[in-house]
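Each chain, written out:
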Amino acid sequence: MIQKKKVKGVSDMEVLERKNEKRLKMDKSHIAKIFLTFVFFGVLIGGLFYPKVGLFAFVCMIGSVLLSLYKGRYWCYRFCPRGAFLDEFVAKASFNKNIPSVLKSKVAKAFMLTFFIVMMSANAILSGGDLERFGKGVVMLLWVTTLVSAILGILFRARTWCVLCPMGTVSGVVGKKRGTLKIDAQKCVSCKLCNKNCPMEVEVCNFKENGNIESVNCIKCESCKVACPKNAIEMA
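Reading the values: rules and limits
- Residues numbered from 1 in each chain as written.
- Predicted model: local features only at pLDDT ≥ 70, side-chain atom pairs only at ≥ 80, totals over all residues.
- Heavy atoms only, no water.
- Pairing = 2+ DSSP bridges.
- Helix = DSSP H or I, 4+ residues; strand = E, 2+ residues; numbered from the N terminus.
- Axes fitted to C-alpha atoms, helices over the stretch in contact; angles between N-to-C directions.
- Parallel < 35°, antiparallel > 145°, perpendicular 65-115°, else oblique.
- Left-handed = near helix turned anticlockwise from the far one by under 90°.
- Contact = heavy atoms within 4.5 Å.
- Nonpolar A, V, L, I, M, F, W, Y, C, P; charged D, E, K, R; others polar.
- Expected span 1.5 Å × (residues − 1).
- Buried < 20%, exposed > 50% of the residue type's maximum accessible area, 1.4 Å probe, protein only.
- Polar contact = N/O pair within 3.5 Å; in protein donor to acceptor, adjacent residues only side chain to side chain.
- Phe/Tyr/Trp six-rings, centres within 6.5 Å; stacked < 30°, edge-to-face > 60°.
- Lys NZ or Arg CZ within 6 Å of the ring centre and 35° of its normal.

**Q** Explain the sheet that holds strand E2 (residues 212-213) to me, and be specific about the residues and the numbers.
**A** The three strands lie next to each other as E2-E1-E3, forming an open sheet whose pairing is antiparallel. The sheet is open, and its two edges are formed by E2 and strand E3 (233-235), each paired on a single side. Bridge analysis of strand E1 (residues 181-183) against E2 gives two bridges, and the strand direction is antiparallel. Bridge pairing in E2 places Lys182 opposite Asn212.

**Q** Which residues make up the packing of helix H5 (residues 106-127) against helix H6 (residues 131-155), and what values go with them?
**A** Remark: H5 packs on H6, axes separated minimally by 8 Å, with the N-to-C direction vectors making an angle of 155 degrees. Of the possible angle classes, the one that applies to H5 and H6 is roughly antiparallel. As H5 packs across H6, the resulting crossing turns out to be right-handed. When H5 is examined against H6, the residues Phe115, Phe116, Met119, Met120, Asn123, Ala124, Leu126 and Ser127 are found in contact with a partner set consisting of Arg133, Phe134, Gly137, Val138 and Leu141. For the contact of H5 with H6, the residue count by class is nine nonpolar, three polar and one charged.

**Q** Tell me about H6, and name the residues and values.
**A** Its 25 residues place the ends of H6 36 Å apart at the C-alpha level, agreeing with the 36 Å of an ideal helix rising 1.5 Å per residue. Burial in H6 covers these residues: Phe134, Gly135, Val138, Val139, Leu141, Leu142, Thr145, Thr146, Ser149, Ala150, Leu152 and Gly153. Its side-chain oxygen at 2.9 Å from the backbone nitrogen of Glu132, Asp130 defines the N-terminal cap of H6.

**Q** If you had to explain the environment of Asn98 to someone new, which residues and values would you point to?
**A** Its location among the elements puts Asn98 in the loop between helix H4 (81-93) and H5. With 57 residues separating them along the chain, Asn98 and Leu155 place their C-alpha atoms 9.2 Å apart. Apart from residues no more than four positions distant in its own chain, Asn98 is found in contact with Phe156, Arg157 and Glu201.

**Q** Help me get a handle on the packing of H4 against H6, residues and values and all.
**A** Contact pair H4 / H6: the axes reach a minimum separation of 9 Å and the direction vectors enclose 40 degrees. The orientation of H4 with respect to H6, classified from their angle, is oblique. Here the hand of the crossing between H4 and H6 comes out right-handed. Here Arg82, Phe85, Leu86, Val90 and Ala93 of H4 lie close against H6, whose contacting residues are Leu142, Thr145, Thr146, Ser149, Ala150, Gly153 and Ile154. The residue makeup of the contact of H4 with H6, split by class, is seven nonpolar, four polar and one charged.

**Q** Can you lay out the packing of aromatic side chains for me, pointing to particular residues and giving the numbers?
**A** For the coordinates displayed, the defined rule picks out eight aromatic pairs. Between Phe111 and Phe115, the ring centres sit 6.4 Å apart and the planes meet at 20 degrees, which makes this aromatic pair stacked. Taken as a pair, Phe111 and Phe115 lie in helix H5 at a separation of four residues, close to a single helical turn. Judged by its relative accessible area of 55%, Phe111 falls in the exposed class. An aromatic cluster of three or more residues is present, and its members are Phe40, Phe41, Phe85 and Phe89. Positioned above the aromatic ring of Tyr77 is the side chain of Lys33, whose terminal nitrogen or guanidinium carbon lies 4.0 Å from the ring centre.

Remember that the coordinates give geometry; whether it matters functionally is a separate question.
Quick look at the structure:
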């Protein structure tokens, strides 16, 4: 019989308690994420018939950046409609493989941000001030990026797109030191369950000496906090 390897400094009871806590936490956010997913597809499908609906995307863009001034990428996990879709639906079909390092690189983030700016600028110029045409361009861009995010989410981790998301990158840079999670080096036993449970593959343990988890990829989902059997991670 194959026995599971015990995690250093962690009892089976502690692991079970953390799993139960995580399950309860997920149940509480489930309804909200389902609602956001319906809103998201309402915009995607409605925008095909009423292009101006696509302008709703700017609510998410502006909201994510403004909130990042106070709580970092808090919007990405709590309020982002696409993120909710990835968590609730794509995650169920995901192979959950590691995100390729090239996708997590600064070059990839810079490319996606530049691509986004160029596409939005071109759309604004070509629409000639016509909100109907501009909205149509936004809807088309939403459809393309949603398809890409679904493919990436299935091939790798569900939230792979969020590592590349242009607005996520801006929010992450702006709010890198805002609303950070704190890690207590005295309590941490380096079991690395935090790393393994992070949907964005943030190397949480690397911030142990610093004390603050200051990563542009941290979406404040608190998965690391819930997974930690020693309560070494807390929200600031």
